[in-house]
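Survey of secondary and tertiary structure
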Amino acid sequence: MGGERVTEAVAGAVETLRRAVDRDWDGVKAGRLEWSCRQTAEHIASDLIAYAGQLAGRARDAYVPFEITLDDGAGDEDVLHVIETTGALLAAVVATTPREVRAFHPYPFRSANREGFAAMGIAEVLLHTHDIAEGLGLAYEPPAELCEDVLTRLFPQVRPGPDHWRTLLWATGRGELPGRAPVTEWRWNNNLVIPAGRLALQGVTPAAAADLRLGGTGGFEWVDGGPFEGTREAAGLVVTAYGAGVHRPEWGVFVLVRSEDGRAVGSMGFHGAPDKEGRVEVGYDLVESARGLGYATEALRALAAWALAGDEATTLFAIVDRANIPSQGVVSRAGFTLVGEDEKTYAYELRG
């Protein structure tokens, strides 16, 4: 998801809303919101410039302290021009920001990358254009692919439906879906990143997982020989869980990215959320050219510390082939102890 997607979303919104610039936007509520259509349009522009500012300013701990204010006397056509302008600024920032850069956003893991900010900007445009259009009696339906992009990046916990736009509206409390309870509270979900010494464990979104499973890169720049087959298999598990509506992104798959050059060397993650006893299985693989350098041990220590620091997981376990001596060394150095074996494998555990 790049800047061109932001531009596409803004262009479609402005084209729709421009059909009603001769109407009273101040005197009409925007759909189910308490804001007027005019306030909602100004909010779209404010969000676009705020996201551009966060990413361009590399904000670390809070929002950059500024806001946008329209001139006195600005009409509704002027508001649309401001939306076009702020959308162009966000698109430009997304297009020129390195992939590894992350900036502050509060939900849910305190940061987002360029794809996250692009997706959030697009979501604001699509959803609030819907609100305004509903208030003004305009027909509006954005491209299904845009809606799918938003869902697979910001709503990984939402089971996809046959109609991406209706699913996005339902997931944000703006509509109904057959067989699903109404949504009264919602929050989008940027991917989790866990620092691990020379590496960063970057959470794989359903969008990236689908690409990996089909033979792509998942949006990562890999060292020679990557991604390895185990990563593609793990990505398939993410896609399956997402399709079933049971994906928990914090208990999914992470790509191991070197901090020094931003290149991916492997993957690591969980085989699902912890069970009722708090047990959860971990797995990992490295590209062959990245093995023997201590990356897997560093990553597993960081992942285990993160998992056991929460309330859900009490025990991590790993199953290792008897013939895989290097992997046995990885789990041992990460603090796991041998608790069982059979003819083909060893079982290791790490308790919180």
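No experiment lies behind these values; they were computed from the predicted model shown.

Glancing now at the overall build of the protein. When its secondary structure is counted, the protein shows ten helices and nine strands. For the protein, whose C-alpha radius of gyration is 23 Å, the value lies close to the compact-globule estimate of 20 Å for 352 residues. C-alpha extents for the protein along the principal axes are approximately 75 × 45 × 35 Å. Scored against the burial criterion, the 352 residues of the protein give a buried share of 54%. For the protein, long-range pairs separated by at least 24 residues make up 64% of all intrachain contacts whose partners lie at least 6 apart in sequence. Split by element, the accessible area of the protein, about 16200 Å² in all, is 50% carbon and sulfur. On the protein, the mean spot of the 33 positive side-chain charges and the mean spot of the 50 negative ones are 5 Å from each other.

Attention shifts here to the pattern of salt bridges. All chains considered together, the criterion is met by 22 salt bridges. One salt bridge in this structure joins glutamate 145 and arginine 5, with 2.6 Å as the shortest N-O distance. With glutamate 145 in helix α5 (residues 144-154) and arginine 5 in helix α1 (residues 3-17), the pair connects residues that are 140 residues apart, well separated along the chain. On the accessibility criterion, glutamate 145 (45% relative accessible area) is partly exposed. Classification of arginine 5 by relative accessible area gives buried; the value is 15%. When the shortest N-O distance is used, the salt bridge between aspartate 149 and arginine 153 registers 3.6 Å.

Helix-helix packing is described using two parameters, namely the angle between the two axes and the distance between the axes. For the pair α1 and helix α3 (residues 76-96), the least separation of the axes is 8 Å and the interaxial angle reads 170°. As the angle between them shows, α1 and α3 are arranged roughly antiparallel. In contact with Gly3, Val6, Thr7, Val10, Val14 and Leu17 of α1, α3 contributes Leu80, Ile83, Glu84, Gly87, Leu90, Ala91 and Val94. The residue makeup of the contact of α1 with α3, split by class, is nine nonpolar, three polar and one charged.

This part takes up the packing of helix α4 (residues 114-136) against α5. Taken N-terminus to C-terminus, the directions of α4 and α5 make an angle of 125°; their axes are 10 Å apart at the nearest point. In this view, α4 runs oblique relative to α5, as classed from their interaxial angle. Regarding α4 and α5, the two cross each other, and that crossing is left-handed. Taken together, the residues of α5 that come into contact with α4 (itself represented by Glu115, Gly116, Ala119, Met120, Ile122, Ala123 and Leu126) are Leu146, Cys147, Val150, Arg153 and Leu154. Within the contact of α4 with α5, the residues separate by chemical class into nine nonpolar, one polar and two charged.

A few words now on the side chain of glutamate 349. Residue placement: glutamate 349 occurs in strand β9 (residues 345-351). By relative accessible area, glutamate 349 is classed as buried at 13%. There is a polar contact of 2.5 Å between the side chain of glutamate 349 and the side chain of arginine 279. Within the structure, the side chain of glutamate 349 is placed 3.4 Å from the side chain of arginine 351, a separation counted as a polar contact. Setting aside anything within four residues of it in sequence, one finds glutamate 349 in contact with Arg279, Thr315, Leu316, Phe317, Gly335, Phe336, Thr337 and Val339.

It is worth spelling out α1 at this point. End to end, α1 covers 21 Å across 15 residues, agreeing with the expected 21 Å (1.5 Å per residue, within 8%). What α1 keeps buried is the set Gly3, Arg5, Val6, Ala9, Val10, Ala13, Val14, Thr16 and Leu17. Along the axis of α1, the buried positions cluster into a sector of 160°, meaning they face one direction only. Facing away from the buried side of α1 by more than 90 degrees, the exposed set consists of Glu4 and Glu15. Its buried side turned inward, α1 meets α2 (37-56), α3, α4 and α5.

We now examine the packing of aromatic side chains. This model, assessed by the stated rule, comprises eight aromatic pairs. An angle of 90° between the planes, with centres 5.6 Å apart, marks the rings of tyrosine 63 and phenylalanine 104 as edge-to-face. With tyrosine 63 in the loop between α2 and α3 and phenylalanine 104 in the loop between α3 and α4, this residue pair connects regions lying 41 residues apart in the sequence. A relative accessible area of 6% places phenylalanine 104 in the buried class. Members of the aromatic cluster, connected to one another through ring pairs, are Phe155, Trp186 and Trp188.

As a further point, take the environment of cysteine 37. Residue placement: cysteine 37 occurs in helix α2. Remark: the alpha-carbon pair of cysteine 37 and arginine 258, spanning 221 residues in sequence, is separated by 46 Å. The residues contacting cysteine 37, other than those within four sequence positions of it, are Trp25, Val28, Lys29, Ala30, Ile132, Gly135 and Leu136.

Glancing now at the side chain of threonine 345. By secondary structure assignment, the location of threonine 345 is in strand β9. Look at threonine 345 and you get buried, because its relative accessible area is 17%.

On to the environment of methionine 120. Within the secondary structure, methionine 120 sits in helix α4. On the basis of relative accessible area, methionine 120 is assigned to the buried category, the value being 0%. When the C-alpha positions of methionine 120 and proline 65 are compared, they lie 19 Å apart, and in sequence the two are 55 residues distant. Excluding anything up to four places from it in sequence, methionine 120 contacts Tyr51, His105, Ala112, Leu154, Trp188 and Asn190.

Conventions we followed
- Residues numbered from 1 in each chain as written.
- Predicted model: local features only at pLDDT ≥ 70, side-chain atom pairs only at ≥ 80, totals over all residues.
- Heavy atoms only, no water.
- Helix = DSSP H or I, 4+ residues; strand = E, 2+ residues; numbered from the N terminus.
- Rg over C-alpha atoms; globule rule 2.2 N^0.38 Å.
- Buried < 20%, exposed > 50% of the residue type's maximum accessible area, 1.4 Å probe, protein only.
- Contact = heavy atoms within 4.5 Å.
- Areas by Shrake-Rupley, 256 points an atom, 1.4 Å probe, with all protein chains shown as cover.
- Lys, Arg positive; Asp, Glu negative; His and termini not counted.
- Charge placed at Lys NZ, Arg CZ, Asp CG, Glu CD.
- Salt bridge = Lys/Arg side-chain N within 4 Å of Asp/Glu carboxyl O.
- Axes fitted to C-alpha atoms, helices over the stretch in contact; angles between N-to-C directions.
- Parallel < 35°, antiparallel > 145°, perpendicular 65-115°, else oblique.
- Nonpolar A, V, L, I, M, F, W, Y, C, P; charged D, E, K, R; others polar.
- Left-handed = near helix turned anticlockwise from the far one by under 90°.
- Polar contact = N/O pair within 3.5 Å; in protein donor to acceptor, adjacent residues only side chain to side chain.
- Expected span 1.5 Å × (residues − 1).
- Arc of directions from axis to C-beta.
- Phe/Tyr/Trp six-rings, centres within 6.5 Å; stacked < 30°, edge-to-face > 60°.

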